[in-house]
Amino acid sequence: MGGYEYLRLAALILLVLPVVVLPWEGRRPPGILYAAIAFGGIAFAFFRNGIEGAILAAASGTICLILISAVIAALRSGTGRIILTGGQIKLLSSGAIWLGAAGALAMIVLTGTVLFGLGAIYRSDRFARRPDTGAIAAAAILCVGFGQLMILA
């Protein structure tokens, strides 16, 4: 199982990396990239646990998409600020497909903690700037993925 998990994590890194790098170059990641991340997660879940695994992976991503979208919409209506963009929400949701339900919860908590922590730090700074949320989300996905690999190894 260890070799499979290393390949799964390597594929995840290769798919998530462009989502982080393209905005640094001033380009938007294409929607097909998020779809590739999602379908890759479903494919690996299928190869590991069959159709049940693929269904559970897709459900994790869907629930994550609904939950994050609802929270972000509530925060936006309350504060008037855009906390996450659509691309970042898609990244977190497709990452949830790879990580499963428990991993998705850890990813959301990690992303939210770092995002709001950095937001508080930046707000106290006289040079207000927005945290790189895409990089934070990608780091959370990969950190949880590495953690899962260490538990399985």
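Sequence order sets the numbering: in each chain, residues are counted from 1 along the sequence as written. Selection of residues for local features in this predicted model requires a pLDDT of at least 70, selection of side-chain atom pairs for listing and counting requires 80 or more, and totals for whole chains, interfaces and linings are taken over all residues. Computation of side-chain values: all heavy atoms of the structure, hydrogens and water removed.

S.K.: Before we go on, may I ask you to explain the overall build of the protein chain in this structure?
M.R.: By the criteria applied, helices consist of DSSP H or I runs no shorter than four residues and strands consist of E runs no shorter than two, each listed in order from the N terminus. Counting its secondary structure elements, the protein chain contains four helices and zero strands. Secondary structure elements of the protein chain, listed N to C terminal, follow the sequence α-α-α-α. As defined in this context, the radius of gyration uses C-alpha atoms, and a globule is described by 2.2 Å times the residue total to the power 0.38. For the protein chain, the C-alpha radius of gyration of 16 Å lies close to 15 Å, the compact-globule estimate for 153 residues. Only protein chains enter the accessibility calculation, which uses a 1.4 Å probe; a residue is then buried when its area is under 20% of its type maximum, exposed when over 50%, and partly exposed in between. Considering the protein chain as a whole, with its 153 residues, one finds that 38% of them fall into the buried category.

S.K.: Is there a simple way to think about the nonpolar core in this case?
M.R.: Side chains that are nonpolar tend, in soluble globular proteins, to be buried together. Put simply, buried Ala, Val, Leu, Ile, Met, Phe, Trp, Tyr and Cys residues joined by side-chain atoms within 4.5 Å make one nonpolar core. Grouped together as the largest cluster of nonpolar side chains are 32 residues, with contacts concentrated most on L12, I68, L84, L91 and M107. If you list the elements that add at least two residues to this core, you get α1 (2–24), α2 (31–79), α3 (86–124) and α4 (133–152). When residues of this core are assigned to their parent elements, the largest contribution, nine residues, is made by α3. Any two residues whose heavy atoms approach within 4.5 Å at even a single point are treated as in contact. Apart from the residues lying within four places of it in its own chain, the contact partners of I68 are L84, I89, L92 and I108.

S.K.: Just checking my understanding: could you explain α2 for this structure?
M.R.: A turn of α-helix holds 3.6 residues, and therefore any two residues three or four places apart point the same way. For α2, spanning 49 residues, the distance from its first C-alpha to its last is only 28 Å, which falls clearly below the expected 72 Å at 1.5 Å a residue. Bend angle per residue: angle between axes fitted to the 7 residues ending at that residue and the 7 residues starting there. Largest kink in α2: about 145°, centred on N49. Residue G80 follows α2 closely and has a positive phi angle near 80°. Here the expected length of a helix is defined as 1.5 Å per residue gap, with one fewer gap than residues.

S.K.: I tried to follow the confidence of the model for the protein chain on my own but got confused; where do I start?
M.R.: Reading fine detail from the predicted coordinates is not recommended where pLDDT is low. Confidence of the prediction at every residue is given by pLDDT, a number between 0 and 100. Counting all residues, the mean pLDDT for the protein chain is 84, and 91% of those residues have values of 70 or more. Looking at the elements of the protein chain, mean pLDDT is at its lowest for α4, recorded as 77, and at its highest for α2, recorded as 92.

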